[in-house]
Each structure stands twice: as structure tokens, then as C-alpha cells.
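# Structure assessment
The residues making up each chain are set out below.
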Amino acid sequence: MHNLFLGELRHHCRDVWGIDVKDKATSSKTTPHTPTEQAEWLSRLVDALRQGVLPNGALAKGALSVVTQPRKGYLVALAQANGISPTSKATKQAYAALLLEWAQTHPIDQLVIPPVLPKATSDFHLASNQHDISKFRVLTPEVVGTLRADMSTTFLPSWIERPPANFGSPAHGKLKADHWRTVCTISMTITLVRLWSSSASTAGDRQILQNFVHLVIAVDLATRRSMDPERARLFDHHMAEYLRTLRELFDHNLVPNHHLSLHLTACLLLFGPVRGWWGYPFERYNGMIQRLNTNNHIAEIPLTFMRLFYAGAELRWMMSSTEWPDSEEMRAVVEAFDRTYQDVARGSRVLDIFGSTMSPSTEAINEQWAQIFSNLRDTRMDNDIYANFVSLIGVTCGPKDFTTYHADFSDQRARLAPHMRTLTQIDVGRVSYGCRSSHVRNSFVCFKDLCSTDPTRIRAGQISLIFLHARVAPGEHRVVQPFIVIEEYVPLTAAHAECDPYRRFPLLDTKLYYNRFHPRRVIVRSDDIIAHFAAFVYIPEGIRQSCIVVRSLDRVRPSTHSWTYDSDNLFFPLELRMDPGVSVETRHVSQMAELCFESACSQEDLDSSLSRSQLWRSSGSLALAGSS
């Protein structure tokens, strides 16, 4: 998926927004000027030009020094607005000299004054359009500084590899594709929606944000583990909207990666989730091969690699499938092997692991928990936890099987012991969930509360306790099961929800909650946890109390929404109005292919390119004709 992570996300940040930050100490001279201050400095510059030319046309003494007092940006903008450009080095003194020469031969009243910018800036420039939207002036040092500060205080789970703290600086070197994914779909989503939806943002900021959100939604939809026709249509819609608004806002020439992304819908429908056919596993093996030592016997290297690969696979299978003697020495050997050759479950590998491993049987899972349970000590539950635990068992197992430990002796149902054995973390599908006291990064989760009045609603909270409990199920079968105690974040009131900038984009799956917990603690099973979420705390305007941003990291759960079209807000879940028998809106492909090549290809080349990727309907699905 380098087409999306590098060809789209990285390209957008570098070649459209122009992220180029030099890590230098900020000088007091670079304090941003408000629109009022910009107007004052432009007025001073015009007065300096007027007073710098004497009635006889000669320059007044010290005129050049006075004209160079404003920042260079004001001189450059004034020169550009009047068609003045230096023929040699574009220094501040050169622009000042040219402006004075112009003032010697023209009335000052004919001078075209550049408009002030709609927001404070330390780099005044000539606005290129009504909303001052121009390439390479979006991710300014101030924006990147805020982004870095937010990244340093954002909690990410351990399976997500943190991007470098100095993101935006050439000093961090080359970023991996997964770094760009994390920065753009998590960190930038949290920061830019907050910044560019505030009252201080301009109409241009909001248009740039909408353009970027289209891209983030498209990338997120395309890289989910599950795929269906509705999700593929949504990806097609948001990718086409991103490219359309990219052309409108920045007049940016589209590149081959943009054209290729418009054909991904066909691949998603034909081949399913990208995890099954993306190139990450192959690249990992390329990296492994590059790190291996060789003796430069080129002809023998392929056979050696294949032989050692199969030997390693056989050894792993033997170590995991053999029932080794239950002795201290043998357990030490197996543990040492696991530590040495353990898998790294982070980044894109998590999705590969989810899809490539079969779920163990219920008996095997129970046996694993029973072994862990036997090595822990009992702790008595407090009354609140025990009451909530009994309620959960009643909901999940039925009220006819179990009763409380203190029930009347006439009650013949099995009794639930009020004892538990605590853990600091558990692993579910190679993803770790931990208590906030010892594993805070893995403690932020989205979940469902089966004991609530609305058991289908997804909630957000933080894990405070994890424990194992043993009970005897009907039929004399002993069950050992993990349970998780979660403190739930309080959702916003209806009035404050209107001030939540993230709810404008529901497909981002991001919301604000009050940064405080419900008094009642929730107990859930591990199956009731949906996913981790990225957590960031700040005080939003309009709410004026501490809130937590809940950026869901659910990349596995299949689509459960019923999409409906909202013509007033293209970011709400929608169903593209099209023939039910067609799997993709082909008009996006043809329209955007036109944009891709309008400035680079002749009409003959364009027609030839489109004919090679002609789309047609075949049994209600999409197929590709000709060569790709």
C-alpha cells in the first residue's frame, strides 16, 4: 500500500503542503503579525517610499535604510503586486532599491498595495487567491510546532510505532510508510481538526482541512481488514473528492500515484482487503535478506536462503507443536527460544498477524488461562466490582446457572466466588491491553457494556484492573476467564457536542469526551473490547473544561453502519446514488483520469490510456479490460 502511504500521504505533506522545517531557535523578530499589524507595516513602507524620494527626483539621505526596516516579506509582496522583480540576487536590499527606483519614476498614488492576510503570520506574502491557499505555505513552522507538541503528549498503544519527535525536520532521516500513516491518520487528524476548526481559523484553513480529511478517510477505508461493496464505494467517493478539491485549491498537477489510487476500488472488490495482497511481507523478507551475511558465492545464495528458510520454519513449527516434558529445564529452553525468536507485533504487522493466525479452540484458551491462574494469588473483590461481575455473568451466561456467593442455601444454582486473581496486562490476538498503573499506553480502549441499557453503543474508557476468575459451569466444567474493569469517560452533553470539531467528520471515528469518569466502574469480557484509541487531552473552546480526544484505532471491525446519503455534508456516511448492479462509480475514474493527464498528455494519449483500462459491468461486478 505504498501507493496510499507514500504516494498519497507523503506526497501531500511534502509536495503540496511543503513541510520543510529547520530546527532553529525562534527569534523574537519572527513574532507573527496580526492583520491589523500587517496593514500598519504596509502603510509604513508606503510612507517610507513617499518620503524617500525628494521633489527633484533624487533619493533622500538614508532612504534605503528606512525602506528596509519592514520585514522582507512586505517588500517582496509590494514588489510582486507592482510587477517589480530583481534581476540579480533577491535580497532585501535589492527589493528596497528597486522599489525606490520605481518611486522615482511613478507617482506613489499608483502603487498597488497587497491585501493583508486573513490571519496572523510571521511570513507576509502576496495572497495567491481569495482565501490565501497556496502550495508550500500550509504546514508552517508554527503548525508543525503545535503538531510536535501534541504528538509528544498523545498516548498511542504499544503496537503502533511512534514517529520521530522532530517530525518535519530533515534531521530525522527517511520515514517508513507506517510512520507516514501514523502521523497523517492519527497525529495530524487530532491536531489539524482542532486548529483549523477553531474560531481563529480562516475559510481557507477549513477548505484545506476538508481536502485533507477526504484523503485520511479514503486511506483508512482502503486499509481496513474487512471490505464490502459499500466500503469500496466510500473509498472511491472520498478519493475522488480529495483529488478534485486538490486541483481546485492548489492547482496541483496530479501524478501517476493519484491515477492509480482511482483503480484501487476495482482491486478491493476483486481481491478483498488489502492485507491479503499488499507488499509489506515481501519487503520484510527483502530486509531480512539484506541483513544476512554472505560469502559472495552468488550462484549458491538462493539455494542457501531457501534451505535455511525451510529449516527455520520447521524448527518454529516443532517448538510450537511438540508437547515437551514438564520440567524446569525444558520450560527454560522453550522460553529462551520464544524470547530469541519472538514476533514484533506492531505497525502493519498486526493486521498481517490477525489475518494469518487461526483462532485457538475454546478448550485451548481455557487451558492457557488456567495455567496462568494457577500461578497467581487470590484477592477478594470489593462490593461494587463483585455486584457488577455478577450482573455481567447473568447477562452473558443466563440467570439460571449462577447466583451470588451469599445467596440463600435453598438456591441450588452454582455460586460465583468473590475472589479474583489480578494481572497487569493480557494479550488478545497479539494485541496487549494493560492497566493504567503499569501499562498506560495500552489502557485506553473503546468497548461495549453488555449490562447497560444500550449494549450496542461503543464507549470509551481506561482500564483500571484486569483479573482472572474461575467458576464451575453446568456439567462440572471449570472455566477460567479474564475480565477487565474499565472506568468509562463521560460523553459530552448535547450542547457541548455541537462544539466538538471532530463530529463534523463521522467517518474519522473520532470524538471528544469529558476528561472525567463515570462513578460506576464497568466490567467487560475481553471480547467486548473493540479496539485501542489514541488519547489526547486539551480544553476545547466552547466547552472550557478538560476533554479527551478519542481517536479510534479500530482497523479490524467490519462495517456495521447503514450508510445514508446526506447532500449537505459529504463527510457523513453515505451511499453513492448508483445502479445497485454496479460495484463502483465509474464516472469518478474517467473524470479524474482526465484531470491526471490534462496538462501532461495529448487527447490521443488520454483516449489510449482510458481505453486500456476500460471498465464494464459483468454479472454485477467490476472487471478490467485490456492491459493494466
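See the structure above.
Rules and cut-offs
- Residues numbered from 1 in each chain as written.
- Predicted model: local features only at pLDDT ≥ 70, side-chain atom pairs only at ≥ 80, totals over all residues.
- Heavy atoms only, no water.
- Buried < 20%, exposed > 50% of the residue type's maximum accessible area, 1.4 Å probe, protein only.
- Helix = DSSP H or I, 4+ residues; strand = E, 2+ residues; numbered from the N terminus.
- Contact = heavy atoms within 4.5 Å.
- Salt bridge = Lys/Arg side-chain N within 4 Å of Asp/Glu carboxyl O.
- Core = buried A, V, L, I, M, F, W, Y, C linked by side-chain atoms within 4.5 Å.

## Focus on helix α4 (residues 72-81)
The α-helix winds at 3.6 residues per turn, so residues separated by three or four positions along the chain end up facing the same way. Most of α4 is tucked away: seven of the 10 residues are buried. Taken residue by residue, α4 has Gly 73, Tyr 74, Leu 75, Val 76, Ala 77, Leu 78 and Ala 79 as its buried positions. Against the buried residues of α4 lie α2 (35-52), α3 (63-67) and α5 (92-105). Backbone geometry just downstream of α4 places Gly 83 in the positive-phi region, at approximately 70°.

## Notes on the pattern of salt bridges
One pass over the full model with this rule turns up 18 salt bridges. A salt bridge links Arg 521 to Asp 382, with the shortest nitrogen-to-oxygen separation between them at 3.0 Å. With a gap of 139 residues between them, Arg 521 in strand β10 (residues 510-525) and Asp 382 in the loop between β1 (379-380) and α17 (383-397) connect regions that are remote in the sequence. The exposure class of Arg 521 is partly exposed, given its relative accessible area of 26%. As a salt-bridge pair, Asp 500 and Arg 503 come within 2.7 Å of each other at their nearest N and O atoms. Judged by relative accessible area, which is 4%, Asp 500 ranks as buried. Salt bridges sharing common partners tie together Asp 47, Arg 50 and Asp 109.

## So, the nonpolar core
Judged by nonpolar contacts, the single largest core of 93 residues is most densely connected at Trp 17, Phe 167, Met 188, Phe 235, Met 239 and Ile 463. Looking at which element gives the most residues to this core, the answer is helix α8 (residues 203-222), with 11 residues. Membership of the second largest hydrophobic core comes to 25 residues, among which are Leu 42, Ala 48, Ala 77 and Ile 108.

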